[in-house]
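One-letter residues, chain by chain:
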Amino acid sequence: MLEVKQLSKTYGKKRVLEEITFSLKPNEVTCLIGLNGAGKTTLMDTIMRLTPYQEGDILLDGQSLTVDDFDRLTYVPDKNIIPKSMTIQQALDYHGTYFAHFNEKRAAELLDFFKLEREEVIAKMSKGNRARANLLMALSLESDYLLLDEPFSGIDILTRERIASIFTTDLLENRGVLIATHEIQDIEHLVDKVILLDDGRIIREFYPEEVRLTEGKSIVDVLKEAHGHEEIY
Ligand SMILES: Nc1ncnc2c1ncn2[C@@H]1O[C@H](COP(=O)(O)OP(=O)(O)OP(=O)(O)O)[C@@H](O)[C@H]1O
């Protein structure tokens, strides 16, 4: 289990994460939602130690996360992670050379799933195909937890559906997934747990299936309600 405990972070004098506590379990898809600037990317960057934090702890299976643990976590940030001059094949070779936990068989399955060609050059690909290529590289690495920041941003509905459908295949095995997205409707049916961030704080953590059954509300309803916009949005 990956646990974030009482995590607080400031940028200069501004506190952007405030006593964040939650956990990710294997086999569970957790969706991180919140309006622009709520702190979703900062939280992911902080977990991955791309930016320092001031208070709190991040634990993996009960022990504080160390640099040796980072091959158990894969992060797909909200930007292209592959040098644009590379072909898909070159990027796969690069990953195979530098990451001991690269799984070539998995990469071949994902190429097929995402309908990508090995000779395609990243620079010449559409945004949607680049998003698929990023996921291809990330998911070809064996890891226990997957952190995805806005994997659907700027991507057409069919490509979004194709990407989202990866969660229903066994290509993810039993990873714990944290996914930050504004495209909530695309993954509503796949999400086990939701964390609602507002201004650096968790203001609600819930199981959408439970909320649907007991309150008749969707994830978007809960988000709108939290911000007092039941009628508009
Ligand atoms: N490098 C930085 N320096 C200073 N402040 C920053 C920096 N990065 C982010 N922030 C601030 O931290 C807060 C959280 O930003 P963050 O990008 O994490 O939000 P987000 O929820 O991911 O937003 P979005 O949905 O727009 O991607 C914002 O107030 C933002 O201005």
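Okay, so let's go over this structure. (Residues numbered from 1 in each chain as written. Predicted model: local features only at pLDDT ≥ 70, side-chain atom pairs only at ≥ 80, totals over all residues.)

## Points about the overall build of the protein
No. 1: Scanning the protein from terminus to terminus reveals 8 helices and 10 strands.
No. 2: Across its three principal directions, the C-alpha atoms of the protein cover 50 × 40 × 30 Å.
No. 3: A burial count over the protein gives 34% of its 233 residues as buried.
No. 4: Of the contacts formed within the protein by residues at least 6 apart in sequence, a portion of 71% connects residues at least 24 apart. (Helix = DSSP H or I, 4+ residues; strand = E, 2+ residues; numbered from the N terminus. Buried ≥ 20, exposed ≤ 12 C-beta atoms within 10 Å, placed from the backbone. Contact = placed C-beta atoms within 7 Å.)

## Describing the sheet that holds strand 7 (residues 145–149)
No. 1: What the 6 strands build is an open sheet, ordered 6-7-8-3-9-10; its pairing is mixed. Both edges of this open sheet fall to strand 6 (73–76) and strand 10 (201–206), since each of them pairs with a single strand only. Each strand of the sheet is rotated relative to its neighbour by a mean of 15°, with strand direction disregarded.
No. 2: Here strand 7 pairs with strand 8 (residues 176–180) via 5 bridges, running parallel. (Pairing = 2+ DSSP bridges. Axes fitted to C-alpha atoms, helices over the stretch in contact; angles between N-to-C directions.)

## As for the site of the ligand
No. 1: Around the ligand, the neighbouring residues are Y11, V16, G34, N36, G37, A38, G39, K40, T41 and T42.
No. 2: In terms of residue count, the dominant contributor to the shell around the ligand is helix 1 (residues 40–47) (3 residues).
No. 3: Residues of the shell around the ligand, tallied by class, amount to 3 nonpolar, 6 polar and 1 charged. (Near = placed C-beta within 6 Å. Nonpolar A, V, L, I, M, F, W, Y, C, P; charged D, E, K, R; others polar.)

## Regarding helix 5 (residues 157–164)
No. 1: Among the residues making up helix 5, those that are buried are R160, I163 and A164. Buried residues of helix 5, viewed axially, fall in a sector of 95°; they line one side.
No. 2: Buried-residue contacts for helix 5 involve helix 4 (127–139) and helix 6 (184–187). (Arc of directions from axis to C-beta.)

## As for the packing of helix 3 (residues 104–114) against helix 4
No. 1: Between helix 3 and helix 4, the shortest axis-to-axis distance is 9 Å and the interhelical angle comes to 160°. When the axis of helix 3 is compared with that of helix 4, the two are roughly antiparallel. Considering only the axes of helix 3 and helix 4, their crossing is right-handed. Between helix 3 and helix 4, the residues in contact are R106, A107, L110, L111 and F114 and R132, L136 and L139, respectively.
No. 2: Residues that form the contact of helix 3 with helix 4 fall into these classes: 6 nonpolar, no polar and 2 charged. (Parallel < 35°, antiparallel > 145°, perpendicular 65-115°, else oblique. Left-handed = near helix turned anticlockwise from the far one by under 90°.)

## A short note on the sheet that holds strand 4 (residues 55–60)
No. 1: An order of 2-1-4-5 is seen for the 4 strands of this open sheet, with the pairing classed as antiparallel. Single-partner strands in this sheet number two, and they are strand 2 (14–24) and strand 5 (63–64).
No. 2: Examined bridge by bridge, strand 1 (residues 2–11) and strand 4 share 5 bridges and lie antiparallel to one another. Of the residues in strand 4, the one forming a bridge with S8 is E55.
No. 3: With respect to the sheet, helix 1 is in contact with strand 1, strand 2 and strand 4, its orientation differing from that of strand 2 by roughly 65°.

## A few points about helix 1
No. 1: Of all 8 residues in helix 1, 6 are buried; the element is thus mostly enclosed.
No. 2: Burial in helix 1 covers these residues: K40, T42, L43, M44, T46 and I47.
No. 3: One or two steps after helix 1, the chain reaches R49, where phi turns positive at roughly 60°.

## Remarks on the environment of L171
No. 1: Mapped onto the secondary structure, L171 falls in the loop between helix 5 and strand 8.
No. 2: Leaving out residues up to four positions away in the same chain, L171 has contacts with E109, L110, F113, L139 and I166.

## Section: unusual backbone geometry
In most cases, non-glycine residues show a negative phi, while peptide bonds are predominantly trans.
No. 1: For N27, which is not a glycine, the phi torsion comes out positive at approximately 70°.
No. 2: Its place among the elements puts N27 in the loop between strand 2 and strand 3 (29–33).
No. 3: A positive phi angle, close to 50°, is found at D61, a residue other than glycine.
No. 4: Residue placement: D61 occurs in the loop between strand 4 and strand 5.

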